[in-house]
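# An overview of the molecular structure
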Amino acid sequence: MRAPFFTTVLLAALALPLAAQQSGSARSHDDPDHPAASGGAMPAGWSVRADRGDASGAAVTQEQGGLHVVTGPAILLYRVDKSGKGPFHTLATFTQTKPSAHAEGYGLFLGGKSLEGTDQQYTYFLIRQDGSYLIKRREGEKTTDISKGWVTSAAVKKAGADGSATNLLEVDHKKDPSKVRFLVNGQEVYSADAKTIQSDGDVGLRVNHNLDVRVEGFDVHR
C-alpha cells in the first residue's frame, strides 16, 4: 500500500538535514592533515607559512641540490633574497616521491605580499599526480581562478607505477615582459597579459597537504 503523499513529503524533508550533516561531516574529516615526522624542521634562509595553524606539522630539510618537503598542512616556502620587482623568470624541478591519498597540488608562487598576515596575496601555479595544472590568485581567504580550475595537460607527467613523477615548472615574465607564461617541462600551458598578473613581490614554492616532494634547482632570475 502506498504511503499518503504528505507522509512521503514529510519523511523526505526530515531526511534532508541528516543527509546534509553526514555529507558535511564526511568532507570535513575525509582527509585531515597528517603531521610529518620531525615536523618544524626548516633550513636556514627559508621562511614558511602554513594554510592552517603553524607549520610545525611540516618538515623541510636541505638535501644536495635542493629541498625535501613533507607536509602535514599546506605551506608556502620562500626566501626574502628572491623577492623583487620587475620582469623575472623562476623555475624548479619537483619530484613527488609517493602517491597521495587524494590528488594534491604543488608548484610555484609569485607576487607574494603580506605573507605573514591575514591579508596575504599571491598567485600560485600547481600541478598534481593526475596530470593536471591549476593557476589561482589568493587575497586573504579569497581565491580566484586564473585557469579554469584544474586543467588536464599532456605536458604534465602523471605519477608512474611507483607513484612518483618528476616535472619542471617555470613562470617566465622575462623573455617577453608583456606576458606571464606558465610552462611545464618546457611546454607553455598558459599565458596571460602581464597587466592582469600581480608579479612583484615574493617568489617561492607551494606544497599542499599530506605530500612528500623533492624540489631541485629553485631560482629566480631578474
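Read on for a plain summary of the structure. (Residues numbered from 1 in each chain as written. Predicted model: local features only at pLDDT ≥ 70, side-chain atom pairs only at ≥ 80, totals over all residues. Heavy atoms only, no water.)

### With respect to the pairing of strand S5 (residues 89-96)
- For S5, the tally of buried residues reaches seven of eight residues, placing the bulk of the element in the interior.
- Taken together, the eight bridges between S5 and strand S11 (residues 165-172) define a ladder with antiparallel strand orientation. In the sheet register, Leu-91 faces S11, and the bridge partner there is Glu-170.
- Bridge analysis of S5 against strand S15 (residues 212-221) gives seven bridges, and the strand direction is antiparallel. From the neighbouring strand, Thr-93 faces S15, where its bridge partner is Glu-216. (Buried < 20%, exposed > 50% of the residue type's maximum accessible area, 1.4 Å probe, protein only. Helix = DSSP H or I, 4+ residues; strand = E, 2+ residues; numbered from the N terminus. Pairing = 2+ DSSP bridges.)

### Side note on the nonpolar core
- Within the largest apolar cluster, 38 residues are counted, with the highest numbers of intra-cluster contacts made by Phe-94, Phe-125 and Leu-205.
- Top element by residues in this core is S15. It accounts for four residues.
- For Leu-205, the contacting residues outside a window of four places in its chain are Trp-46, Leu-67, Ile-75, Leu-76, Leu-77, Ala-92, Phe-94, Gly-107, Leu-108, Phe-109, Val-215 and Phe-218.
- Among the nonpolar cores identified, the runner-up in size contains eight residues, and Tyr-78, Phe-109, Leu-115 and Tyr-124 belong to it. (Core = buried A, V, L, I, M, F, W, Y, C linked by side-chain atoms within 4.5 Å. Contact = heavy atoms within 4.5 Å.)

### Quick look at the pattern of salt bridges
- Here the structure, examined in full by the defined rule, presents 12 salt bridges.
- Linking Lys-98 and Asp-212 is a salt bridge whose minimum nitrogen-to-oxygen distance equals 3.7 Å. On the criterion of sequence distance, the pair formed by Lys-98 in the loop between S5 and strand S6 (106-113) and Asp-212 in strand S15 is long-range, its members being 114 residues apart.
- Judged by its relative accessible area of 12%, Asp-212 falls in the buried class.
- It is possible to trace a salt-bridge network through shared partners that takes in Asp-51, Arg-138, Glu-141 and Arg-206. (Salt bridge = Lys/Arg side-chain N within 4 Å of Asp/Glu carboxyl O.)

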